[in-house]
Amino acid sequence: MKKDIYDSIIIGGGFYGLYIADFIASQGKRVLLCEYEDSCMTHASYNNQARIHSGYHYPRSLLTGMRSCLSFPRFIKEFPDCVIDDFAKYYAIGRILGKVTAQQFQNFCQHIGAPCQPAPSNICRLFNSHYIEAVFDAREFAFDATILRDNILQRCASNGVEICTGTQVLEFRQIAGGGLETDITSKKEGGLFTIRCRNLYNCTYARINKLNAASGIRLIPLKHEMTEMALVEVPEEIQNRGFTVMCGPFFSIMPFPSRQLYTLSHVRYTPHYEWYDKEENDTYTDAYRILAEDPKHSSYQAMVHDAARYMPSIGKTVYRDSLWEVKTVLPISEVDDSRPILFKSNYAGISGYHCIMGGKIDNIYDCMDFIRQIERNGPSSS
Ligand SMILES: Cc1cc2nc3c(=O)[nH]c(=O)nc-3n(C[C@H](O)[C@H](O)[C@H](O)COP(=O)(O)OP(=O)(O)OC[C@H]3O[C@@H](n4cnc5c(N)ncnc54)[C@H](O)[C@@H]3O)c2cc1C
């Protein structure tokens, strides 16, 4: 960490921060990335369901479905090494409590251009037809987060991104005459540093408002959930298959490649509790403090008990571990389960300060045009 001026400082070494840092450095700019943990991609970019979304998951938001359908081929082309496609993926439609019917789901898939065929009878037989109206064969893959991390770190290294792990950005301010000044602490170097930059990108996901609160700017309204996904071994009839039941208080079971296990999530039991960042500064609570202090009592039994009513084989899964993470979404997502990108350039009227949060990995493509514009024409261009 050289204590002079950078073109851009990226806060957060999750997939978003790394991808953006790599892009900016590839344009010949000097980039510093600060990551709070001792290594990159240990938070939401690792602790997730590893689904490469291709649209199916969002039948109540046509826009999100369409955007995913467009980003899917782009992601698998850009990161072929981390794509796991050697399993079959099925979407089942719940008969009771479901928010979409099988017909609506099929119409939606047709609209967004996602292939959707009735599943073969041996697959349909895995479900309890009293609760499940139909099952469809889908084209959806998973990603290996460890390979994805290694891949993007390698790209960052070859483009000259300076990465400082164990480094926390505490607050920032504008400086007279232009530019921004950030206060940073580093476990390795010790002490407090002040580093300047032209553009500062806040890619800290669940903690995006920590920096805003500390810097005296208004919070971005966000919803946080303490989430648990169970990591399980699956019986033979689930092996090399993934299943998602739409669209209501149902479950999803998918390969989790970087641990060679499967994740089991449940709409009702994966979120343990929730809280909100409101616009007023005094309501901010550090998401990572809540994550660290949570007693982490697993809801696996409740997940299995309910999911096995729909798919009895789920009852034969064997619990191995849980992934715990704070999931952060825009309050609007509560209405239609959409996952828009949050991109606030020059946030709170501060030239050069940008907040970015994606609701899923492939949303990264939704913000790159804006970043290209900022980097080419200056902050006020976006
Ligand atoms: C339970 C769950 C399931 C999900 N399932 C999927 C899925 O199947 N498919 C999909 O595409 N998406 C999924 N998502 C969403 C996806 O994980 C996120 O959209 C994505 O990982 C966000 O990436 P990020 O880089 O913004 O965040 P993160 O990976 O969380 O990175 C933020 C980084 O910022 C660092 N940081 C925080 N504060 C500071 C600071 N002050 N200074 C320096 N560094 C700091 C953190 O240590 C962290 O490494 C899921 C999310 C959750 C929680």
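In case you missed it, the structure is sitting above this.
Below or above, wherever it landed, is the structure these notes cover. If you're wondering where the values come from, they're calculated on a predicted model, not measured in any experiment. (Residues numbered from 1 in each chain as written. Predicted model: local features only at pLDDT ≥ 70, side-chain atom pairs only at ≥ 80, totals over all residues. Heavy atoms only, no water.)

Focus: the pattern of salt bridges
Note the threshold: Salt bridges are defined by distance alone: a side-chain nitrogen of Lys or Arg within 4 Å of a carboxyl oxygen of Asp or Glu. Every helix listed is a DSSP run of H or I at least four residues long, and every strand listed is a run of E at least two residues long, numbered separately from the N terminus. Per-residue accessibility, obtained with a 1.4 Å probe over protein chains only, is compared with the maximum for each type, and a residue is labelled buried under 20%, exposed over 50%, and partly exposed between these values.
Within the structure shown, the criterion is met by 26 salt bridges. Ionic pairing is found between arginine 155 and glutamate 78, a salt bridge with its closest N-O pair at 2.9 Å. You can see arginine 155 sitting in helix 5 (residues 145–158) and its partner glutamate 78 sitting in helix 2 (residues 62–78), a full 77 residues away along the chain. Relative accessible area serves as the criterion here: at 23%, arginine 155 is assigned to the partly exposed category. Between arginine 320 and glutamate 233 there is a salt bridge; the shortest N-O distance is 2.8 Å. Residue arginine 320 is located in strand 18 (residues 318–329), and its partner glutamate 233 is located in strand 13 (residues 222–233); the two are separated by 87 residues in the primary sequence. The class of arginine 320 is partly exposed, set by a relative accessible area of 46%. For glutamate 233, a relative accessible area of 35% translates into the label partly exposed. Where salt bridges share partners, they join Arg173, Glu181, Asp183 and Arg196 into one cluster.

So, the environment of tyrosine 131
To keep it simple, the criterion reads: It only takes one pair of heavy atoms within 4.5 Å for two residues to be counted as in contact.
You can see tyrosine 131 is positioned in the loop between helix 4 (121–124) and strand 7 (132–138). Each C-alpha atom of the pair tyrosine 131 and tyrosine 310 lies 6.0 Å from the other, and the pair is 179 residues apart in sequence. Apart from the residues within four sequence positions on either side, tyrosine 131 is in contact with Ile93, Gly94, Arg95, Ile96, Arg309 and Tyr310.

A word on the side chain of serine 68
Structurally, serine 68 can be placed in helix 2. For serine 68, a relative accessible area of 0% puts it in the buried group. Contact partners of serine 68, with chain neighbours within four places excluded, come to His53, Ser54, Gly55, Tyr58, Lys360 and Asp362.

Section: the nonpolar core
Where we set the bar: What we call a nonpolar core is a set of buried Ala, Val, Leu, Ile, Met, Phe, Trp, Tyr and Cys residues that are connected through their side-chain atoms within 4.5 Å. All the domain ranges listed were derived from an automatic or database domain assignment.
Grouped together as the largest cluster of nonpolar side chains are 47 residues, with contacts concentrated most on Phe15, Ile20, Phe75 and Ile371. Those elements giving two or more residues to this core turn out to be helix 1 (15–26), strand 2 (31–34), helix 2, strand 8 (141–143), helix 5, strand 13 and helix 10 (368–377). The element contributing the most residues to this core is helix 1, with nine residues. Each of domain 1 (1–50 + 144–219 + 335–382) and domain 2 (87–141 + 222–329) contributes no fewer than three residues to this core. If we ignore the near neighbours within four places in the chain, the residues touching phenylalanine 75 are Phe15, Ile52, Cys82, Phe143, Leu148, Ile361 and Tyr365. Counting 37 residues, the second largest nonpolar core, distinct from the first, contains Leu32, Ile220, Ala287 and Ile350.

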